[in-house]
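Spelled out from the first residue to the last, the chains are:
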Amino acid sequence: MPEPIHAVSPLATDIPAGLDVDSIVATVRESGVSAPADEEAGLSSAVARAEDHGIDLSIVIVPNEPRHDSQLRDLATAVGAREGGTVLVLSPGQVGTFSDSISRVTLEAGQDRTYTGNHIVAADNFVNTLVEDQTPWGLFTGGLVVVVAVVATLTAVVKARRFRARATAPESANLDSSEN
């Protein structure tokens, strides 16, 4: 009988203690925001502004600091896996994100602008990063590849011409000396 195949599974997600992901997802599904009542209006405007730019954003506020900031990313991933789109999770001093459409580089740039101590300002800063013109890294990379290819081709052509010139130079020198 063949040996069973054992799959390696990733480590389980680590959601901050005391949070109910099902409840958070239900709240986010209704309004796009899971936050204390006094912050909902400001956060909802950030969600609406993101939506105006074609970004499906959900914002989750965690009232206490988690043990590790990765727990906020795990929570964002858990919410995003069920709801899709982009998820911003804020605690008093940490942030976690997930997106099925925005690059990790852009998300992390947005995260860098969220450390304000004010969830509404943090969410607005995050949305600002998502909606502003992004550096076209693909275009830069493609351009760099083209430049390198052109330089390599020109170098090869110059070397080939030099090689041919050196190979024919002794022959013409010998022909010149034999005619005398």
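These numbers come from a predicted model, not from an experiment.

## A look at the confidence of the model for the protein chain
Point 1. Taken as a whole, the protein chain shows an average pLDDT of 85; of its residues, 85% reach a score of 70 or greater.
Point 2. Predicted confidence for residues 5-10 stays below pLDDT 50, and this span has zero contacts to residues more than four positions away or in other chains.

## Some thoughts on a negative patch on the surface
Point 1. On the surface, Glu-51, Asp-52, Asp-56 and Asp-100 cluster together into a patch of negative charge.
Point 2. Along the chain, the position of Asp-56 falls in the loop between helix 2 (37-52) and strand 2 (57-61).
Point 3. Look at Asp-56 and you get partly exposed, because its relative accessible area is 46%.

## What to know about helix 1 (residues 21-31)
Point 1. Burial in helix 1 covers these residues: Val-21, Ile-24, Val-25 and Val-28. What you see down the axis of helix 1 is that its buried residues fit within an arc of 100°, all on one side.
Point 2. Turning to helix 1, the residues buried within the fold contact strand 1 (33-34), strand 2 and helix 3 (70-83).
Point 3. Where helix 1 begins, the side chain of Asp-20 points an oxygen toward the backbone nitrogen of Asp-22, at a separation of 3.2 Å.
Point 4. Just beyond helix 1, the residue with positive phi is Gly-32, at close to 85°.

## Remarks on helix 3
Point 1. The end-to-end C-alpha distance of helix 3 is 20 Å, a good match for the 20 Å that 14 residues give at a rise of 1.5 Å each.
Point 2. For helix 3, the full list of buried residues reads Gln-71, Leu-72, Asp-74, Leu-75, Ala-76, Ala-78, Val-79 and Gly-80.
Point 3. Tucked inside the fold, the buried residues of helix 3 contact helix 1, strand 2, strand 3 (86-90) and strand 4 (95-99).
Point 4. Within two residues after helix 3, Gly-84 carries a phi angle of roughly 75°, on the positive side.

## Quick look at the pairing of strand 2
Point 1. When you tally the buried positions in strand 2, you get five out of five residues, the bulk of the element.
Point 2. Two elements, strand 1 and strand 2, share two bridges in a ladder whose sense is parallel. Across the sheet, Ser-34 pairs through a bridge with Val-60, a residue of strand 2.
Point 3. Viewed along the sheet, the connection from strand 1 through helix 2 into strand 2 turns out left-handed.
Point 4. One ladder, built from five bridges, connects strand 2 with strand 3; its direction is parallel. For Val-60, the partnering residue across the bridge sits in strand 3 and is Val-89.
Point 5. Crossover strand 2 to strand 3 through helix 3 is right-handed.

Conventions we followed
Residues numbered from 1 in each chain as written. Predicted model: local features only at pLDDT ≥ 70, side-chain atom pairs only at ≥ 80, totals over all residues. Heavy atoms only, no water. pLDDT = per-residue confidence, 0-100. Contact = heavy atoms within 4.5 Å. Patch = residues over 30% accessible without salt bridge, like charges linked within 9 Å, V, L, I, M, F, W, Y side chains within 5 Å. Areas by Shrake-Rupley, 256 points an atom, 1.4 Å probe, with all protein chains shown as cover. Salt bridge = Lys/Arg side-chain N within 4 Å of Asp/Glu carboxyl O. Lys, Arg positive; Asp, Glu negative; His and termini not counted. Charge placed at Lys NZ, Arg CZ, Asp CG, Glu CD. Helix = DSSP H or I, 4+ residues; strand = E, 2+ residues; numbered from the N terminus. Buried < 20%, exposed > 50% of the residue type's maximum accessible area, 1.4 Å probe, protein only. Arc of directions from axis to C-beta. Polar contact = N/O pair within 3.5 Å; in protein donor to acceptor, adjacent residues only side chain to side chain. Expected span 1.5 Å × (residues − 1). Pairing = 2+ DSSP bridges. Right-handed = clockwise from strand over helix to strand, strands pointing away.

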